[in-house]
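Below are the chains, spelled out letter by letter.
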Amino acid sequence: MTIDQLDARLIALLAEEPRLGVLECSRRLGVARGTVQARLDRLTARGVITGFGPDVAPAALGYDVMAFVTLQIRQISGHDPVADQLAKIPQVLEVHTITGGDDMHCRVVARSNADLQQVIDRIVEVQGVVRTSSVIALDTPVPYRILPLVRDVPRRERS
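Predicted model, so just to flag it, every value in this text is computed and none were measured.

A. The UniProt feature "domain: HTH asnC-type" (unreviewed entry) in the protein chain, seen in detail. Residues annotated by UniProt as "domain: HTH asnC-type" (unreviewed entry) correspond here to residues 3–64. Helix makes up 53% of residues 3–64 and strand 0%. Its end C-alpha atoms lie 37 Å apart.

The structure is reproduced here in structure tokens:
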């Protein structure tokens, strides 16, 4: 599904100021309140907008260590059973299936390096996990972002 310029402007506005209401969005965008509400409903229903909740920094919850763990798994049962078990570990924030020599890539957090070892031990205990490899993130100079893609929509439409 593609988005148009109005969708892009609406998404950018809410990303920059997530506490804005529909009425204020409509005023700033110069469109009717009903248009904004309909756009939000459509974007949400189609999975373009995936949430309106606050983004919480793991460090604010005491999880100062972030690491990336790659997994090699037994291929007999596939990725889903492993992913289901990984989802039960609170410190596992994301799991992706990947190409290359490994099978899955996880973003995990921990309170300390010793705690990270315990998280990795829990991951290794998951049935189907054969081997793990981990790296600790020292800094995040470019955090997860989507706005550059959203802002690129008007340029793509002119092309």
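Read on, since the account is not over.
B. Inspection of the sheet that holds strand β1 (residues 65–73) at higher detail. Ordered in space as β2-β3-β1-β4, the four strands form an open sheet in which the pairing is antiparallel. Bordering the open sheet on either side are β2 (92–97) and β4 (129–137), each of which pairs with just one other strand. Adjacent strand axes in the sheet meet at a mean angle of 20 degrees when their direction is disregarded. Alignment of β1 against β4, held across eight bridges, turns out to be antiparallel. Across the sheet, Gln72 pairs through a bridge with Arg131, a residue of β4. Together, β1, β2, β3 (104–110) and β4 form the strand contacts of helix α4 (residues 79–86), whose direction differs from that of β3 by roughly 5 degrees.

C. Expanded view of the environment of His105. Here His105 lies in strand β3. Once the C-alpha coordinates of His105 and Val95 are considered, the two residues, ten residues apart in sequence, prove to be 5.7 Å apart. Every residue in contact with His105, bar those within four places of it in the chain, is listed here: Phe68, Val69, Thr70, Glu94, Val95, His96 and Ile98.

D. How the structure looks around the pattern of salt bridges. Enumeration according to the criterion identifies eight salt bridges in this entry. Measuring nitrogen to oxygen at the nearest pair gives 2.9 Å for the salt bridge that ties Asp7 to Arg42. In this pair, Asp7 is assigned in helix α1 (residues 5–16) and Arg42 in helix α3 (residues 33–45), connecting sequence segments 35 residues apart. Taking relative accessible area as the criterion, Asp7 reaches 1% and is therefore assigned buried. Among the residues examined, Arg42 registers a relative accessible area of 24% and is labelled partly exposed. Ionic pairing is found between Glu24 and Arg27, a salt bridge with its closest N-O pair at 2.4 Å. Of this pair, Glu24 and Arg27 are both found in helix α2 (residues 22–29), three residues apart, which corresponds to roughly one turn of the helix. We classify Glu24 as partly exposed; its relative accessible area is 23%. Residue Arg27 is classed as exposed on the basis of its relative accessible area, which comes to 57%. Three or more residues joined by partner-sharing salt bridges are found here, namely Asp4, Asp7, Arg39 and Arg42.

Conventions we followed
- Residues numbered from 1 in each chain as written.
- Predicted model: local features only at pLDDT ≥ 70, side-chain atom pairs only at ≥ 80, totals over all residues.
- Heavy atoms only, no water.
- UniProt positions renumbered as here; feature names shortened; annotations may be inferred.
- Helix = DSSP H or I, 4+ residues; strand = E, 2+ residues; numbered from the N terminus.
- Pairing = 2+ DSSP bridges.
- Axes fitted to C-alpha atoms, helices over the stretch in contact; angles between N-to-C directions.
- Contact = heavy atoms within 4.5 Å.
- Salt bridge = Lys/Arg side-chain N within 4 Å of Asp/Glu carboxyl O.
- Buried < 20%, exposed > 50% of the residue type's maximum accessible area, 1.4 Å probe, protein only.

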